[in-house]
Each structure stands twice: as structure tokens, then as C-alpha cells.
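# Overview (structure and organization)
Next come the chains, spelled out residue by residue.
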Amino acid sequence: MMPAQEERVTFAEVPTPVGTFVLALSETGLVASGWGTRAELAGRLDLAEVHDADRTAFAVAELNAYFRGELKTFETPIDWRLMAGSRLRVLRALHRVPYGTAVTYGELATLSGSSVPARGIGSIMGSNPIPIFVPCHRVIAAGKGLGGFSGGEGVETKRWLLTHEGYLPPTLLDL
């Protein structure tokens, strides 16, 4: 593996129905994403920046297709470098949770084969460096409550994403 200072990351800011979403792509794949600004996301990475629209084009196109309702499975490669151990196992299991479905925190613990308790799964979801592509919005509380969400406008963004994917029925506010 190359030393971090030799690797480069490029960013794209994408307007979405749930706010501006920033993508950070290394040579390996999507290394980070989230709501906010490029500068905020860059501050979490120890990678030099390069401007490379070609590198971000596929991920941007997939994100836009997802929000148009035309994409259900992301094929953008993921760069898992920011994760290790149980956190990596849990997020890799989460990456396989299909569009339009949801799992509880406890079910995700079981799917990951980790010994992380449900509360620990919640912490991992709250620190997921690649939301939407690694769909932490698809993890809900037992009893089918939504649980928490730290992205965008919080639980309202989670509700919007789950409604968009057809897991939750639309409310009068959505019509």
C-alpha cells in the first residue's frame, strides 16, 4: 500500500433532495461521503487533494440515478480504509442490505457475525464514513421505530430516504 501522503482524493458536491451531498474518491474507490461541504469532509481524510472530475463521474451519476429512483444497487467501488475490525465487518454487512428493506440494529449485529451489541451497532451507524452508499439509513430500531440518524436533517432525512426506497409509505407531507 502506498503511504497516505502519496495518495490523492478528489471531491464532488452533489445537490440532492436531502441537501448537498459530498463524495470523496481515492484511487481505490469511494472513501468518504456525507452532508455538508468538501472542506468538512476533507478534514476527516489524511489524503492530498487532486481535481479529477473523471474519477468522480461514475459515483455522481449513480447518486443522481438513485435520487431519480432509477438505481437500486450502487456499483461504485468502496475504499474501506477508514474502517477496521468489528466496525469494518458491520459496515460490510450493511453494504449488502438491499434497497427497499431495513434491518434492526440487532439483526445487523447478527448479519455481521460480530459480537457488537445493538447499542454498539448504533454507534457504528452514527460514525459511518460512507452514508447512502453504505446505507445506514436502512438500520432501524427494534419494534420498527426509525431509531436515530446523524446525517442531513437527522431522522427526517432517514425517513425521507426510507420513503424514497419504498420501505415506508408516503405521508401527507410527501404528496
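Relevant structure appears above.
Being a predicted model, the structure only gives us computed values, none of them experimental.

Turning to helix α6 (residues 155-164), its buried residues number three or more, namely Thr 157, Lys 158, Arg 159, Leu 161, Leu 162 and Thr 163. Buried-residue contacts for α6 involve β3 (30-35), α2 (53-67), α4 (105-112) and β6 (139-140). Of the residues one or two after α6, Gly 166 is the one with positive phi, at around 85 degrees.

Note: α-helices contain 3.6 residues per turn, so residues at a spacing of three or four share the same orientation. Its 15 residues place the ends of α2 20 Å apart at the C-alpha level, agreeing with the 21 Å of an ideal helix rising 1.5 Å per residue. Along its length, α2 reaches its greatest deviation from straightness, about 25 degrees, at Ala 59. Taken residue by residue, α2 has Thr 56, Ala 59, Glu 62, Leu 63, Ala 65, Tyr 66 and Phe 67 as its buried positions.

Side chains that are nonpolar tend, in soluble globular proteins, to be buried together. One finds Leu 23, Leu 94, Leu 108, Met 125 and Phe 133 to be the most contacted residues of the largest nonpolar core, which totals 38 residues. For this core, the elements supplying multiple residues, two or more each, are β2 (21-25), α2, α3 (85-95), α4 and α5 (118-126). Of all the elements, α2 adds the most residues to this core, at five residues. Each residue touching Met 125, except ones within four places of it in the same chain, is listed here: Val 90, Leu 91, Leu 94, Tyr 105, Leu 108, Cys 136 and Val 139. Judged by nonpolar contacts, the second largest core, of nine residues, contains Val 9, Val 22, Ala 32 and Leu 45.

Take the packing of aromatic side chains next. Summed over all chains, the structure comprises seven aromatic pairs. Relative to Trp 35, the ring of Phe 21 has its centre 4.9 Å away and its plane inclined at 80 degrees; by these criteria the two rings are edge-to-face. In this pair, Phe 21 is assigned in strand β2 and Trp 35 in strand β3, connecting sequence segments 14 residues apart. Ring geometry for Tyr 66 and Phe 67: centres 5.0 Å apart, planes at 80 degrees, overall edge-to-face. In this structure, Tyr 66 and Phe 67 share a single accessibility class: buried. Here the aromatic cluster, defined as three or more aromatic residues joined through ring pairs, consists of Tyr 66, Phe 67, Phe 74, Tyr 99, Phe 133 and Trp 160. One residue, Arg 38, lies across the ring of Phe 11, its end atom 5.6 Å from the ring centre.

About the thresholds
- Residues numbered from 1 in each chain as written.
- Predicted model: local features only at pLDDT ≥ 70, side-chain atom pairs only at ≥ 80, totals over all residues.
- Heavy atoms only, no water.
- Buried < 20%, exposed > 50% of the residue type's maximum accessible area, 1.4 Å probe, protein only.
- Helix = DSSP H or I, 4+ residues; strand = E, 2+ residues; numbered from the N terminus.
- Contact = heavy atoms within 4.5 Å.
- Expected span 1.5 Å × (residues − 1).
- Bend = angle between axes of the 7 residues up to and from the residue.
- Core = buried A, V, L, I, M, F, W, Y, C linked by side-chain atoms within 4.5 Å.
- Phe/Tyr/Trp six-rings, centres within 6.5 Å; stacked < 30°, edge-to-face > 60°.
- Lys NZ or Arg CZ within 6 Å of the ring centre and 35° of its normal.

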